[in-house]
Amino acid sequence: MENILVVAELQNGSLKKGTKELLSSLVGKGKTISAALAGEGADSIKEELQKYGVTQLFNQASLTQYNPTSFTQFFAEAIKQSGANLVLASSNAMTKDVLARVAARLDAGFINDCTELSFDGGIHLRRPMYSAKCSAGVNLKLEGTSIVLMRANQLPVLEGTESSTCEIKALDAGTENETLKVKDIIKGESEKLDLTEADRIVSGGRGLKEAKNFEMLEELANVINATVGASRAVVDSGWVPHSMQVGQTGKTVAPSLYIAVGISGAIQHLAGMSGSKVIVAINTDENAPIFQKASYGIVGDAFEVVPKLTEQLKASL
Amino acid sequence: MKIFVCIKQVPDTETRIKLKPDNSDIDSNGVKWIVNPYDEFAIEEAVKIKEPNQGATVTVVSVGPKARLTNSLRTAMAMGCDDGILIDEANSLDSLTMAKAIAKAIKAEGEFSAVFTGVLSIDDNESAIGPMLAELLEIPHVGVVSKLESAGDEWTAEREVEGGTKEVFTMKLPGLITATKGLNKPRFASLPNIMKAKKKPIKEMTLSDLGLSSDDVKIQLNQYQMPADKEPVKMLTGDSAAQVSELVKLLREEAKVL
Ligand SMILES: Cc1cc2nc3c(=O)[nH]c(=O)nc-3n(C[C@H](O)[C@H](O)[C@H](O)COP(=O)(O)OP(=O)(O)OC[C@H]3O[C@@H](n4cnc5c(N)ncnc54)[C@H](O)[C@@H]3O)c2cc1C
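How each quantity is defined
- Residues numbered from 1 in each chain as written.
- Chains lettered and ligands numbered in written order.
- Predicted model: local features only at pLDDT ≥ 70, side-chain atom pairs only at ≥ 80, totals over all residues.
- Heavy atoms only, no water.
- Patch = residues over 30% accessible without salt bridge, like charges linked within 9 Å, V, L, I, M, F, W, Y side chains within 5 Å.
- Areas by Shrake-Rupley, 256 points an atom, 1.4 Å probe, with all protein chains shown as cover.
- Salt bridge = Lys/Arg side-chain N within 4 Å of Asp/Glu carboxyl O.
- Helix = DSSP H or I, 4+ residues; strand = E, 2+ residues; numbered from the N terminus.
- Phe/Tyr/Trp six-rings, centres within 6.5 Å; stacked < 30°, edge-to-face > 60°.
- Buried < 20%, exposed > 50% of the residue type's maximum accessible area, 1.4 Å probe, protein only.
- Lys NZ or Arg CZ within 6 Å of the ring centre and 35° of its normal.
- Near = heavy atom within 4 Å.
- Polar contact = N/O pair within 3.5 Å; in protein donor to acceptor, adjacent residues only side chain to side chain.
- Nonpolar A, V, L, I, M, F, W, Y, C, P; charged D, E, K, R; others polar.
- Domains from an automatic or database assignment.
- Pairing = 2+ DSSP bridges.
- Axes fitted to C-alpha atoms, helices over the stretch in contact; angles between N-to-C directions.
- Contact = heavy atoms within 4.5 Å.
- Parallel < 35°, antiparallel > 145°, perpendicular 65-115°, else oblique.
- Left-handed = near helix turned anticlockwise from the far one by under 90°.
- Buried area = accessible area lost by both parts, 1.4 Å probe.

J.: An account of a nonpolar patch on the surface is needed here, citing residue identities and associated values.
T.: A grouping of Leu191(B), Ile194(B) and Met195(B) is seen on the molecular surface, where their side chains present a nonpolar patch of about 290 Å² in accessible area. Here Leu191(B) shows up in helix 5 (residues 191-197).

Here it is, written out as structure tokens:
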């Protein structure tokens with residue numbers, strides 16, 4: 001696993017945190033590192049990549065909109081040209097979709113949703129299984145290529161200190177055809193980080209009583225720069241869209257801070273968030289199962305506790 | 001019109017997970033097995049498309065140990081699938097080997113119009129089988145689909161991505177869709193349909209019939225572990241003002257997350 005390709009993704013013109021986490025895991029490990037970027041922005045991340053010791057960046061600037069056909073061609077070509085035997089990516093809607101397809105095209109091993117990655121001697125990988133009821137070690141075959149997707153927010157971000165020269169290699173492998181075309185993009189209302197990438201989440205459940213009380217959570221979230229999530233009960237009641245659902249049939253999240261307000265802590269909800277570093281539970285029922293998973297618990301009425309919490313944080317930040 | 005639906009059997013979420021003594025896998029004794037919930041959206045959509053189409057059929061395909069898997073195929077048939085293909089394999093497989101097995105079984109059936117899978121299976125969250133299968137079958141795919149217009153031979157599919165954004169694709173058949181919540185409301189099988197399902201045909205085969213082996217896997221899971229015991233929760237006491245002050249202090253000074 002000496003030759004590694006990292007899938008680079010951008011946010012506001014610089015490397016996304018998930019990408020930095022992956023590059024950080026390679027700092028000082030003496031690997032040959034390439035990167036691949038679909039879409040614009042190669043120049044704006046070149047310097048950052050150099051600091052992490054990346055020597056070549058495969059790029060196709062024209063791939064501004066996700067299409068599985070063209071993105072598969074691009075990434076397959078970049079991996080082939082780099083000669084990488086390990087491909088690392090941060091797990092999200094795009095990478096999961098395209099890299100599974102790339103794995104089939106290249107006959108490569110594929111594993112998603114890993115939460116531990118390190119390179120001491122060989123490669124060490126683990127991932128949660130069965131809704132995080134247990135975890136498993138991941139063994140990659142050494143011959144051929146392996147594609148590994150990491151959950152966001154699992155690895156520390158280090159500053160790169162290398163001074164390599166990164167060459168941008170323009171590819172034109174990705175083309176669309178008439179079998180699959182993008183017809184429209186319907187922008188979501190949220191400008192916040194997606195739940196799966198958020199480092200702080202404030203989530204609400206049925207204890208909030210009605211849809212408009214989610215505003216109270218929005219206010220708290222704004223103060224600490226968090227994304228708002230929800231339990232399935234309130235999604236099913238139509239208070240908030242499914243894109244906000246955390247849990248087994250919603251998003252799997254792993255922020256540093258997860259504040260659960262008026263959520264009982266059903267096993268299917270826990271399945272989506274028990275990987276969070278610090279969990280705060282606010283619930284009127286001292287026997288609510290969420291308290292068993294929580295780091296800090298407040299038995300109390302959300303309508304009293306949350307506004308006070310928002311006030312205090314506003315005053316002290 | 002021929003449609004395939006691929007399903008996986010997974011442990012019920014409520015099931016307690018125990019490990020084998022050598023930690024090589026989970027102990028499947030006493031596990032209650034169900035059809036992966038996302039696959040129910042796939043089954044429902046395929047059956048919904050079939051129903052108004054004279055002569056259309058839906059075939060359900062799955063890989064796993066026959067002794068327990070047959071039950072899940074019958075569940076899919078009770079929801080309206082016409083027949084089944086059971087690839088009998090006791091060992092756990094990585095996604096790619098599983099996708100290869102399903103692709104070979106589907107290819108052997110001749111021409112088809114569409115393939116449905118669930119977006120992911122809740123046992124391992126891999127989300128890989130759909131896109132892999134589409135690649136191996138050399139057809140386009142749209143993943144994470146919550147809305148589908150399936151008239152004619154060009155379908156319009158809405159794919160859900162981050163931040164509630166939707167990417168809308170048009171896909172020419174044959175193609176593959178991975179189904180997510182919102183696509184439909186899976187039906188409950190009626191008693192007569194459950195009875196009828198028992199008589200529907202299931203074609204059985206093994207991995208080696210398909211020219212594959214569980215030794216082909218490129219990824220192996222091992223060294224299973226139960227989660228480390230977590231520190232007991234700190235309950236904050238006093239009136240709500242005191243609780244909140246204490247919480248802010250702990251988040252800052254102890255947990256260091258603010
Ligand atoms: C196959 C399947 C998949 C599922 N997937 C998911 C999933 O992905 N995500 C998910 O979340 N659920 C999922 N569920 C549903 C899950 O089982 C629970 O029903 C759901 O999580 C409950 O949501 P809740 O905690 O908001 O509601 P409840 O269980 O009703 O809990 C509400 C809580 O609010 C508290 N409360 C009431 N008033 C107040 C107040 N004023 N202040 C503070 N607290 C208050 C109550 O004490 C209670 O604990 C799934 C279920 C199944 C069967």
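J.: Any chance you could break down the packing of aromatic side chains for me, citing the residues and the numbers?
T.: With the rule as written, the count across this model stands at six aromatic pairs over all chains. A ring pair is formed by Phe71(A) and Phe75(A), whose centres lie 6.4 Å apart and whose planes are at 55°; its orientation type is tilted. Here Phe75(A) and Phe71(A) lie together in helix 3 (residues 68-82), a separation of four residues that amounts to about one turn. You'll find Phe71(A) and Phe75(A) in the same group, each marked buried. Ring pairs connect the aromatic residues Tyr66(A), Phe71(A), Phe74(A) and Phe75(A), which therefore count as one cluster. Over the face of the ring belonging to Trp33(B) we find Arg68(B), whose NZ or CZ atom lies 3.5 Å from the ring centre.

J.: I'd like a description of unusual backbone geometry, backed by residues and values.
T.: At the junction of Leu173(B) and Pro174(B), the peptide bond is cis and its omega measures out at 0° in the coordinates. Within the secondary structure, Pro174(B) sits in the loop between strand 9 (166-172) and strand 10 (175-179). Even without glycine at this site, Asn153(A) takes up a positive phi of about 65°. Taking the relative accessible area as the measure of exposure, Asn153(A) reaches 16% and is therefore buried. Phi is positive for Ser127(B), close to 60°, though the residue is something other than glycine. With respect to the helices and strands, the residue Ser127(B) is situated in the loop between strand 6 (114-118) and helix 4 (129-137). What makes Ser127(B) buried here is its relative accessible area of 10%.

J.: So what's going on with the site of the ligand? Residues and values would help.
T.: All names here are of chain A. By nearness alone, 26 residues border the ligand, and Ser 231, Thr 249, Ser 264, Gln 268 and Asn 283 come closest of all. Ser 231 is positioned with one of its side-chain polar atoms (N or O) 2.5 Å from an oxygen atom of the ligand. A distance of 3.0 Å separates an oxygen atom of the ligand from a polar atom in the backbone of Gln 248. Here the ligand loses 78% of its free accessible area of 990 Å² to cover by the protein chains. Of all the secondary structure elements, the ones that give two or more residues to the shell around the ligand are helix 6 (232-236), helix 7 (267-273) and helix 9 (302-316). The residue makeup of the shell around the ligand, split by class, is six nonpolar, 15 polar and five charged.

J.: Kindly report on the domain arrangement of chain B, identifying the contributing residues and their values.
T.: Domains assigned within chain B are domain 1 (2-216) and domain 2 (228-258). Between the C-alpha centres of domain 1 of chain B and domain 2 of chain B the distance comes to 44 Å.

J.: Please give an account of the sheet that holds strand 12 (residues 167-170) of chain A that cites residues and values.
T.: Residues and elements named next belong to chain A. Within the open sheet, the seven strands sit side by side as 7-11-6-1-4-5-12. Their pairing is parallel. Each of the sheet's edge strands pairs with one partner strand only, and the pair in question is strand 7 (109-114) and strand 12. In this sheet, adjacent strand axes meet at a mean angle of 20° when their direction is disregarded. Where strand 1 (residues 3-7) lies against strand 4 (residues 32-38), five bridges are found, and the strand directions are parallel. In the sheet register, Ile 4 faces strand 4, and the bridge partner there is Ile 33. Most of the contacts of helix 3 go to strand 4, to which it runs at about 165°, and overall it touches strand 1, strand 4, strand 5 (54-60) and strand 6 (86-90).

J.: Got a sec to walk through the pattern of salt bridges? Specific residues and values, please.
T.: Tallied over the entire structure, the rule returns 32 salt bridges over all chains. Of the charged contacts, one joins Lys218(B) and Asp107(A) as a salt bridge, the two residues approaching to 3.4 Å between their closest N and O atoms. With one member in each of two chains, Lys218(B) in the loop between strand 11 (202-206) and strand 12 (219-225) and Asp107(A) in the loop between helix 4 (93-106) and strand 7 form a pair that bridges those chains. A residue is classified by how much of its surface remains accessible, and Asp107(A), at 36% relative accessible area, is partly exposed. For the salt bridge of Lys66(B) with Glu204(B), the shortest nitrogen-to-oxygen distance reads 3.2 Å. Remark: Glu204(B) occurs in strand 11 and Lys66(B) occurs in helix 2 (residues 66-78); sequence separation between them is 138 residues. Using a relative accessible area of 46% as the deciding quantity, one classes Glu204(B) as partly exposed. Each of the salt bridges in this network shares a partner with another, and the network as a whole consists of Asp113(A), Arg127(A), Arg151(A) and Glu126(B).

J.: I'd love a proper account of the sheet that holds strand 6 of chain B, names of residues and values included.
T.: Pairing within the open sheet is mixed, and its 10 strands lie in the order 13(A)-9(B)-8(B)-7(B)-10(B)-6(B)-1(B)-4(B)-5(B)-11(B). Each edge of the open sheet is held by one strand with a lone partner, namely strand 13 (180-186) of chain A together with strand 11 of chain B. Each strand axis lies, on average, 35° off the axis of its neighbour in the sheet, ignoring direction. Pairing of strand 8 (residues 154-160) of chain B with strand 9 of chain B, which is carried by seven bridges, proceeds in the antiparallel orientation. Bridge assignment links Arg159(B) to a residue of strand 9 of chain B, and that residue is Glu167(B). Lying on the sheet, helix 1 (residues 37-50) of chain B is in contact with strand 1 (2-6), strand 4 (57-64), strand 6, strand 7 (141-149), strand 8 and strand 10 of chain B; it crosses strand 6 of chain B at an angle near 155°.

J.: Quick rundown of the packing of helix 3 of chain A against helix 4 of chain A? Include the residues and the values.
T.: Residues and elements named next belong to chain A. Between helix 3 and helix 4, the shortest axis-to-axis distance is 9 Å and the interhelical angle comes to 60°. It follows from the interaxial angle that helix 3 and helix 4 lie oblique. Of the two possible hands of crossing, helix 3 and helix 4 adopt the one that is right-handed. Two secondary-structure elements touch here, helix 3 through Pro 68, Phe 71, Thr 72, Gln 73, Phe 75, Ala 76, Ile 79 and Lys 80 and helix 4 through Met 94, Asp 97, Val 98, Leu 99, Arg 101, Val 102, Arg 105 and Leu 106. When the residues that make up the contact of helix 3 with helix 4 are grouped by side-chain class, the tally is 10 nonpolar, two polar and four charged.

J.: Give a description of the domain arrangement of chain A that names residues and reports values.
T.: All names here are of chain A. Domain boundaries in chain A define domain 1 (3-170) and domain 2 (195-316). With 10 residues of domain 1 at the interface, the matching set in domain 2 holds 12 residues. Between domain 1 and domain 2 the total buried area reaches about 750 Å² when both faces are included, carbon and sulfur atoms providing 46% of it. If you sort the residues of domain 1 by the area they bury against domain 2, Ser 131, Arg 151 and Asn 153 come out on top, with a joint share of 52%. Scanning the region where domain 1 abuts domain 2 turns up one salt bridge. Of the charged contacts in the structure, one is a salt bridge between Lys 16 and Glu 197, with a shortest N-O distance of 2.8 Å. If you look at where domain 1 meets domain 2, you find three residue pairs in polar contact (both at pLDDT 80 or more). Per-class residue counts for the side of domain 1 that touches domain 2 are two nonpolar, four polar and four charged.

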